[in-house]
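Inside the fold
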Protein chains: 2
Amino acid sequence: MILTVTLNTALDITYRVGALRPHTSHRVSEVTERAGGKGLNVARVLAGLGHEVTVTGFAGGATGREVRERLTAVPGVIDALVPVTGPTRRTVAVVDDRTGDTTQLNEPGPTVSPAEWSAFQEAYDTLLASASAVALCGSLPPGVPVGAYAGLVRSARAAGVPVLLDTSGEALRRGVAARPDVLKPNAGELAELTGSHEPSRATQDARRRGARAVVASLGEGGLLAVTPEGRWRAAPPARLRGNPTGAGDAVVAGLLSGLIEGLAWPDRLARATALGAASVVAPVAGEFDRGTYEELRDRVAVTGEATAA
Amino acid sequence: MILTVTLNTALDITYRVGALRPHTSHRVSEVTERAGGKGLNVARVLAGLGHEVTVTGFAGGATGREVRERLTAVPGVIDALVPVTGPTRRTVAVVDDRTGDTTQLNEPGPTVSPAEWSAFQEAYDTLLASASAVALCGSLPPGVPVGAYAGLVRSARAAGVPVLLDTSGEALRRGVAARPDVLKPNAGELAELTGSHEPSRATQDARRRGARAVVASLGEGGLLAVTPEGRWRAAPPARLRGNPTGAGDAVVAGLLSGLIEGLAWPDRLARATALGAASVVAPVAGEFDRGTYEELRDRVAVTGEATAA
């Protein structure tokens, strides 16, 4: 199975309001809820592609129970979340019906105790034994050491399991130094890590910091990959309108799926690009439009050159 | 015991953010949660005054479980909420640290089925048998007939239990016609009911519509009472700064408490006014500052005249 790690899972709540006006009272016309956090989105896309996926990380409190109840409804995803005393965070997205714009409110998440962090590490090591690949995704909840991902990358490498890292800030800086197989930053994370806003230079710099391969997701600019086998750019044939939240998670799912199927990099990148675009068309993060995916898969332009063997 | 009815209970969530900017993403710095809904606030104040209180209404889903868990932590309040399939609503108050202003997002609440509404009415009739007074508080969740409060007022009167009504809109219009013992509108509800923005005229009009007594809460204008025993105005000695949310619920608690203790109207109004002011000073709805209450109780100015017997 593929393992995805979401240390800071979330109950994602979306509110529709007529128009958001600060310092007034609003009647919410529609409420939707889902199990959220980047690794959970990745898992849903992988399950949609037919892979067996196990999710781990933390879940606690009433919101954690809701997240777990919602996960059991997703076929192909196995829940191996580790209990934590503090409540799983909520994220609230307020969609303004008039403009379509979204205002986001993100709770910080539960404070994880040292004992809970140790319990997670044990569970993770056990799960690695049956994993074909692992994705480490998203922010760290309070209490988890900032070097957490570095340790989890090292454990995966020691177990011989390919590991992909998708996080930001100091957790990314520490994590990349532990030499993950794939790093998947977006443009902002890449610039923060390297200090460079020039994607080509920044991607190479990120690789020098320890990642075996770096695949940067550049929004409308598509994907830029720098790997030991070569450098490529991949872009969808046309810009698609929709909700870009979760597009990066669909890209991660495509990269992992291609990796365990042994696809060559250009094919992995085409799959990841098509999935990212097909997730923009789907209404919620963690889903993708299958028709769009199948149509785009063969039409993604992948350019670049392989390194001479 | 005193019975309070909250058909649309809520999990009240408060978020602190640095500054609320629409269409951007915010990290919430502090999350607080409480069991909410007007009747639950009334119950907490009554319990704080030493009364035995039972709360009923609906609770459902994960949010309903949270509301009930939080209620068990309040000494003196007995939980007689009736289960409902749909989830209890959340309300989210976003407090802007820079300005102190609050932006409110209110979910509509669960859709109550006809069978659930019947189950509630049965439970209510049973509870009335041991109630010394009942307060009917707040909005109706979807599915509950708009004439609901009228029926609940009639049941209370048939059982010989004094009944206070505190609601708004069409539920108020229908409810007052069923002749509650006390109606407690605020200025906006009173104007909506009667079409008059002149409090003295509107309060008399509301009484003519069926209420035995009307006590209007006019914010800084204090209370205006029109009763069979006379007309009074009650006002605190000074304006207090703080959070006015829940002040009306503290007033309701004061009126009910005075009613079952057999206090004369001027004393009831003094108590209710002091409680309203003492709740403004307390940080959250459903609490009051005991020192402020005890200090103000004897200093509230009650003016008016009793009707000659």
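Residues numbered from 1 in each chain as written. Chains lettered and ligands numbered in written order. Predicted model: local features only at pLDDT ≥ 70, side-chain atom pairs only at ≥ 80, totals over all residues. Heavy atoms only, no water.

What to know about the interface of chain A and chain B
Chain A puts 32 residues into the contact, and the matching count from chain B is 32 residues. Between chain A and chain B the total buried area reaches about 2,600 Å² when both faces are included, carbon and sulfur atoms providing 54% of it. Taken as a group, His23, Arg90 and Leu105 of chain A account for 24% of the area that chain A buries against chain B, more than any other trio of residues on that side. One can count 4 salt bridges joining chain A with chain B. Between Arg65 of chain A and Glu69 of chain B there is a salt bridge; the shortest N-O distance is 3.7 Å. Across the chain A-chain B interface, the total number found is 14 residue pairs in polar contact (both at pLDDT 80 or more). Only strand E2 (10-17), strand E3 (25-27), strand E4 (30-36), helix H2 (61-72), strand E8 (89-96) and strand E9 (102-106) of chain A provide two or more residues apiece to the side of chain A that touches chain B. Ranked by residue count, the leading element in the side of chain A that touches chain B is E9 of chain A, at 5 residues. (Contact = heavy atoms within 4.5 Å. Buried area = accessible area lost by both parts, 1.4 Å probe. Salt bridge = Lys/Arg side-chain N within 4 Å of Asp/Glu carboxyl O. Polar contact = N/O pair within 3.5 Å; in protein donor to acceptor, adjacent residues only side chain to side chain. Helix = DSSP H or I, 4+ residues; strand = E, 2+ residues; numbered from the N terminus.)

A closer look at the packing of aromatic side chains
Residue and element names in this part refer to chain A. In the structure shown here, the tally under the stated rule is 8 aromatic pairs over all chains. Judged by centre distance (5.9 Å) and plane angle (25 degrees), the rings of Phe120 and Tyr124 are stacked. Here Phe120 and its partner Tyr124 are both found in helix H3 (residues 114-128), 4 residues apart, which amounts to about one turn of the helix. Grouping residues by exposure puts Phe120 and Tyr124 together as buried. (Phe/Tyr/Trp six-rings, centres within 6.5 Å; stacked < 30°, edge-to-face > 60°. Buried < 20%, exposed > 50% of the residue type's maximum accessible area, 1.4 Å probe, protein only.)

Concerning the packing of helix H5 (residues 169-177) of chain B against helix H6 (residues 187-194) of chain B
All names here are of chain B. One can describe the packing of H5 onto H6 by two numbers: an axis separation of 10 Å at closest approach and a directional angle of 70 degrees. Considered as vectors, H5 and H6 are oriented roughly perpendicular to each other. Handedness of the H5/H6 crossing: right-handed. Contacts between H5 and H6 involve Gly169, Leu172, Arg173 and Val176 from the first element and Glu189, Glu192 and Leu193 from the second. Classifying every residue of the contact of H5 with H6 gives 3 nonpolar, 1 polar and 3 charged. (Axes fitted to C-alpha atoms, helices over the stretch in contact; angles between N-to-C directions. Parallel < 35°, antiparallel > 145°, perpendicular 65-115°, else oblique. Left-handed = near helix turned anticlockwise from the far one by under 90°. Nonpolar A, V, L, I, M, F, W, Y, C, P; charged D, E, K, R; others polar.)

Some remarks on the pairing of E2 of chain A
Residue and element names in this part refer to chain A. Burial of E2 is extensive: 6 of the 8 residues sit out of reach of the surface. Inspection of the sheet shows E2 paired to E4 by 7 bridges, in the antiparallel sense. Paired with Tyr15 across the strands is Val31, a residue of E4. Here 8 bridges tie E2 to E8, and the two strands are oriented parallel to one another. (Pairing = 2+ DSSP bridges.)

So, the relation of the copies chain A and chain B
Expressed as a screw transformation, the operator carrying chain A onto chain B has a rotation angle of 180 degrees and an axial translation of 0.0 Å, and the superposed copies differ by an RMSD of 0.0 Å. Here the copies are linked by what is in effect a two-fold axis. Taking C-alpha positions as the reference, the residue of chain A nearest the rotation axis is Ala62 of chain A, at 3.2 Å. (Least-squares fit on C-alpha atoms with pLDDT ≥ 70 in both.)

So, the pattern of salt bridges
Under the defined criterion, the tally for this structure stands at 32 salt bridges over all chains. A salt bridge links Glu107 of chain A to Arg90 of chain A; the nearest nitrogen and oxygen atoms lie 2.7 Å apart. Note that Glu107 of chain A is positioned in the loop between E9 and H3 and Arg90 of chain A in strand E8, a separation of 17 residues in sequence. In this structure, Glu107 of chain A and Arg90 of chain A share a single accessibility class: buried. Note that Asp249 of chain B is salt-bridged to Lys38 of chain B, the shortest N-O span being 3.4 Å. Here Asp249 of chain B is found in helix H8 (residues 247-260), whereas its partner Lys38 of chain B is found in helix H1 (residues 38-48), with 211 residues between them in sequence. Overlapping salt bridges bring together Glu33 and Arg70 of chain A together with Arg90 and Glu107 of chain B as one network.

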